[in-house]
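Chain residues, written in single-letter form:
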Amino acid sequence: MGNTAVVVGGGIGGLAAAIGLRRIGWEVTVVERASMLEDAGAGISLAANGLRALDELGVGEAVRDASRGQYSGGTRTPEGGWLARMDGAVLEKAVGTPIMGIPRSTLHRLLREFLPAEALLIGSAAGSVRQIGPGTVRVGCGDTTLDTDLVVAADGIGSKVRSLLFPAHPGPVYSGSTVLRAITEHAVELRTDFELTWGQGAEFGHIAFCDGRAEWHAVLNLPAGTRFADPLAELRRRFRNWHDPIPALFDATRPAAVLHHDVNEIRTPLPSFTVGRIALLGDAAHAMTPNLGQGACQALEDAVTLAAALASEPTVEAALARYDAERRPRSQEVARAARQAGRMGQQLSHPLAVALRNTAMRLTPSRAATRMILRHHAWVPPQLN
């Protein structure tokens, strides 16, 4: 009998981990408590590092076919002036691909299609996870008990497995920002593939998809737990004087499609991503703010790195030690950089600080801006075969 693994969590990171483990010959079961992703109405940008990870998993071509390259756009002021332009062709020349935009639900569906149906336990929660021997971890799922060689905890920012492994860790904390977002009901005429607009303590952005629809998001500095009776009406009020195409994006959106979530992060770094034969992956290990668009990409890096270590190291323990050594420093550094980007971007609210930031952005040479992007995008995955 070959090696077995249970992946707790069927989001992007968990499904990617399951695909990677199956590619190296492991038998995998994915335990996912929800029958539908909570953020199915959102979109995602995939940078070169995430796309390379998908390539190594064998999923890259399918994802690219369903994505739209972000060749045009940049960062603007509420009045519509440009702070920085994005040139996707330059980025493509440097790292082989532009950033790609895709609905999260589409990416999730494509990842599921690379796994056999019998590998997915949908609507089943992992109530308990504990190591019962040197080489065995027991996962309790309702009336079902799974004994396995390895558990990959990809159960998100509110990870129950993480809290079991590190009960003294403070867990996720509120970043100070809340995000409202939706995908338009129909195609919208857009002049750019991707935009961010920074105001005082507020951000608005959009990602264009290959079918002409777009995802938009609005980020606001508000107390945690703030909610609105009519979110779309509130956004129309707050962004009423901001530039086009923001009104058109609101007009193309059903009020019921608007999602609202507080932006939380793991601010206190974990001392390890592994305990015994249990490995933390994705947001369970290093949930970060979305300011660099790297959350899913880092989870995909985790998945490939874990599978490669298990394929090449002599023992599971050695593989997990390598996974921790390779992934923890990088992902925690990216999380710090994302937090800093938010503080210098959307979260700035003082008019003088905003004006200084805007001036600095206008004066920054495009080559310097590209180098900053490449610092996170220029990751090369280990080979699985």
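Our subject is the structure listed above.
Residues numbered from 1 in each chain as written. Predicted model: local features only at pLDDT ≥ 70, side-chain atom pairs only at ≥ 80, totals over all residues. Heavy atoms only, no water.

Enquirer: What am I meant to see in the pairing of strand β14 (residues 194-198) here?
Expert: On any regular strand, side chains alternate: one points to one face of the sheet, the next to the other face. A large share of β14 lies buried, amounting to 5 of its 5 residues. With burial as the criterion, each face of β14 is covered, one bearing Phe 194, Leu 196 and Trp 198 and the other bearing Glu 195 and Thr 197. Sheet topology note: the strand β5 (residues 72-76)/β14 ladder contains 4 bridges and is parallel. From the neighbouring strand, Gly 73 faces β14, where its bridge partner is Phe 194. With 5 bridges joining them, β14 and strand β15 (residues 202-208) adopt antiparallel strand pairing. Paired with Leu 196 across the strands is Gly 205, a residue of β15. Hairpin connection from β14 to β15: 3 residues lie between these consecutive antiparallel strands, with Gly 201 at a positive phi of about 65 degrees. (Buried < 20%, exposed > 50% of the residue type's maximum accessible area, 1.4 Å probe, protein only. Helix = DSSP H or I, 4+ residues; strand = E, 2+ residues; numbered from the N terminus. Pairing = 2+ DSSP bridges.)

Enquirer: Could you clarify how one ought to interpret helix α1 (residues 12-23) in this entry?
Expert: Each turn of an α-helix holds 3.6 residues, which means side chains three or four residues apart point in the same direction. A rise of 1.5 Å per residue sets the reference length of α1, with its 12 residues, at 16 Å; its end C-alpha atoms lie 17 Å apart and thus fit the reference within 8%. Burial of α1 is extensive: 10 of the 12 residues sit out of reach of the surface. For α1, the complete set of buried residues consists of Ile 12, Gly 13, Gly 14, Leu 15, Ala 16, Ala 17, Ala 18, Ile 19, Gly 20 and Leu 21. Gly 25 sits one or two positions beyond α1 and adopts a positive phi of about 95 degrees. (Expected span 1.5 Å × (residues − 1).)

Enquirer: Explain the pairing of strand β6 (residues 82-87) here, please?
Expert: Here 5 bridges tie β5 to β6, and the two strands are oriented antiparallel to one another. Among the inter-strand pairings, Thr 75 is bridged to a residue of β6, identified as Ala 84. Between β5 and β6, which pair antiparallel in sequence order, lie 5 residues; one of them, Gly 80, sits at a positive phi of approximately 110 degrees.

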